[in-house]
Amino acid sequence: AHQLRTPLATALLYVGHLTRPSLSEKDRVRFAGKTLDRLHYLERLIQDMLTFVKGQQGRRLRFSVHELIDEVGQAIEPQASLLEVCLEQERNGQDVALQADRQALQGALINLLENAVQASRPGGRVQLIVTTGGAFVAFKVTDEGRGIPDTDRERLFEPFFTTRNEGSGLGLAIVKQTADAHEGWVEVSSEEGEGSVFTLYLPEAGAAQENEDG
């Protein structure tokens, strides 16, 4: 309730300013923009909460790993550009297939990339590196940001735990939930002041099929 109440109260405050007859047009545009920003944030927050609470994965389809990272890169590029962060992709190995909930995996990778971009300084670099060739596909997200203190690292995947002023604390919990649902896992390494690396491992379609057959 606290997570929802704060942005809602802020939006209501801005709307209250908009009702003042003496407000200048410049201030009206500014407060309208701030109101929309809070409402969009509230919308994302509710979507994160619904995704986490449902805890269920959708229909599993077969699709290309390289197509997936193209889609994810396109989704995060506007935010990276706005924050003046350089977004790079690297592909190691041949394109392979995943048998998974495509939307859930997109969401998990976007969460990792959003965290990396927001942890970066202007002019910093975020990389999405995909490596194939084994039983598991590795999606590695690296940044050159502030890093994660040792005291926070063990709690990163706890629901509602966040180190940011704004955040539901559900992004990484959803990433772990998605990895678990697909028989995968997530690893993290970080040095305070040196950046972070999050790696999501998912079974290749052939490996996933073998596990189901077995």
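Predicted model, so just to flag it, every value in this text is computed and none were measured. (Residues numbered from 1 in each chain as written. Predicted model: local features only at pLDDT ≥ 70, side-chain atom pairs only at ≥ 80, totals over all residues. Heavy atoms only, no water.)

Before going further, it helps to examine the environment of Arg155. Along the chain, Arg155 falls in the loop between helix H5 (150–153) and helix H6 (171–181). Look at Arg155 and you get partly exposed, because its relative accessible area is 39%. Along the sequence, Arg155 and Ala173 sit 18 residues apart, while their C-alpha atoms lie 10.0 Å from each other. (Helix = DSSP H or I, 4+ residues; strand = E, 2+ residues; numbered from the N terminus. Buried < 20%, exposed > 50% of the residue type's maximum accessible area, 1.4 Å probe, protein only.)

Attention now moves to the packing of helix H4 (residues 102–119) against H6. Relative to each other, H4 and H6 sit at 140 degrees, their axes nearing to 9 Å. Overall, the two elements H4 and H6 adopt an arrangement that is oblique. As for the relative orientation of H4 and H6, their crossing is left-handed in sense. Contact residues: Ala104, Leu105, Ala108, Asn111, Leu112 and Asn115 in H4; Gly171, Leu172, Ile174, Val175 and Thr178 in H6. (Axes fitted to C-alpha atoms, helices over the stretch in contact; angles between N-to-C directions. Parallel < 35°, antiparallel > 145°, perpendicular 65-115°, else oblique. Left-handed = near helix turned anticlockwise from the far one by under 90°. Contact = heavy atoms within 4.5 Å.)

Attention now goes to the sheet that holds strand E7 (residues 195–203). Here five strands make up an open sheet; going across it, the order is E2-E4-E5-E7-E6 and the pairing mixed. Each edge of the open sheet carries a strand with a single partner, namely strand E2 (86–92) and strand E6 (185–191). Within the sheet, the average angular offset between the axes of one strand and its neighbour, ignoring direction, is 15 degrees. Relative to E7, strand E5 (residues 136–143) is paired through seven bridges, and the arrangement is antiparallel. The residue bridging Thr142 from the neighbouring strand is Val197, located in E7. Against the sheet, helix H3 (residues 65–82) contacts E2, strand E4 (125–131) and E5, and its axis sits at roughly 170 degrees relative to E2. Against the sheet, H6 makes contact with E6 and E7, and its axis sits at roughly 140 degrees relative to E6, the strand it touches most. (Pairing = 2+ DSSP bridges.)

These values are about where atoms sit, not about what they do.
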